[in-house]
Amino acid sequence: MWPMTASGEWRCAATDVPPGRTAKFRLECAGRTLEGFIVNHDGRYHAYVNRCAHVGTPLDLWPNEFFTEDGRALICATHGAIYEPATGLCTEGPCVGDALDPLPLRRDGDTLIVACPPA
Ligand code: FES
């Protein structure tokens, strides 16, 4: 899932991201490309920039491998930082207390819409 939109929004069907799954996307924001992902954790959706708070690499080594094996947290493949899916807060690893950058996410019927972060 990599479509970019000129409007600075990315949309997908909520049914495309069932509980325990993620979807990656790219947004064009203020002239630069931003990679992000939606996560469905316990039926609630959250969107973050795909950039670890430690040294800024994408979290997933393989596309859409964001969850720990038990499915309870997000993990960075580079050095193992653990993040809460609902808040983006790093709770274990080299960046405890830091957090993923959230992206504005809203739902319009069955469509999830992610927007660029506020300037
Ligand atoms: S870059 Fe993610 S834990 Fe180091």
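Note that the structure is predicted; figures quoted are calculated from it, not measured. (Residues numbered from 1 in each chain as written. Predicted model: local features only at pLDDT ≥ 70, side-chain atom pairs only at ≥ 80, totals over all residues. Heavy atoms only, no water.)

S.K.: Explain unusual backbone geometry here, please?
M.R.: Unlike most non-glycine residues, Asp42 shows phi in positive territory, near 55°. With respect to the helices and strands, Asp42 occurs in the loop between strand E3 (32-41) and strand E4 (44-49). Residue classification places Asp42 among the exposed residues on the basis of a relative accessible area of 67%. Even without a glycine there, the phi angle at Asn64 is positive, about 70°. In this structure, Asn64 sits in the loop between E4 and strand E5 (74-75). Asn64 gets classed as partly exposed once you look at its relative accessible area, which sits at 34%. (Helix = DSSP H or I, 4+ residues; strand = E, 2+ residues; numbered from the N terminus. Buried < 20%, exposed > 50% of the residue type's maximum accessible area, 1.4 Å probe, protein only.)

S.K.: Looking at this model, I keep getting lost on the environment of Glu35. Mind explaining?
M.R.: Examined against the element boundaries, Glu35 turns out to sit in strand E3. Residues Glu35 and Arg51, 16 residues apart in the sequence, show an inter-C-alpha distance of 8.0 Å. At a separation of 3.4 Å, a polar atom in the side chain of Glu35 contacts the side chain of Lys24. Within the local environment of Glu35, its side chain forms a polar contact with the side chain of Asn50, the two groups lying 2.5 Å apart. (Polar contact = N/O pair within 3.5 Å; in protein donor to acceptor, adjacent residues only side chain to side chain.)

S.K.: Sorry, what's going on with the pairing of strand E2 (residues 22-29) here?
M.R.: The side chains of a regular strand alternate between the sheet's two faces. In terms of burial, E2 is largely enclosed, as six of its eight residues are buried. As judged from the eight bridges shared by E2 and E3, these two strands associate in the antiparallel manner. Along E3, the bridge assignment pairs Leu27 with Leu34. Between E2 and the antiparallel strand that follows it, E3, lie two residues; Ala30 among them carries a positive phi value of about 50°. (Pairing = 2+ DSSP bridges.)

S.K.: Please explain the state of the cysteines as it appears in this structure.
M.R.: Linking two cysteines covalently through their sulfur atoms gives a disulfide. All told, the structure shown has one disulfide when counted by the stated rule. A disulfide bridge connects Cys29 with Cys116, and the sulfur atoms are separated by 2.0 Å. Looking down the S-S bond of the Cys29 and Cys116 bridge, the torsion is -90°, so its handedness is left-handed. Pair noted here: Cys29 is in strand E2 and Cys116 is in the segment after strand E9 (111-115), with a separation of 87 residues, a long-range link. Take Cys29: its relative accessible area is 6%, and that puts it in the buried class. Take Cys116: its relative accessible area is 21%, and that puts it in the partly exposed class. (Disulfide = S-S within 2.5 Å.)

S.K.: Is there a simple way to think about the sheet that holds E9 in this case?
M.R.: The strands making up a sheet are joined through hydrogen bonds of the backbone, oriented either antiparallel or parallel. A sheet is described by the order of its strands in space; here three strands give the open sequence E1-E9-E8, paired in antiparallel fashion. Strands at the two margins of the open sheet, each flanked by one partner only, are strand E1 (9-13) and strand E8 (105-108). Between one strand and the next, the sheet's axes are offset by a mean angle of 25°, whatever the strand orientation. Here four bridges tie E8 to E9, and the two strands are oriented antiparallel to one another. Bridged to Asp108 within E9 is Thr111. (Axes fitted to C-alpha atoms, helices over the stretch in contact; angles between N-to-C directions.)

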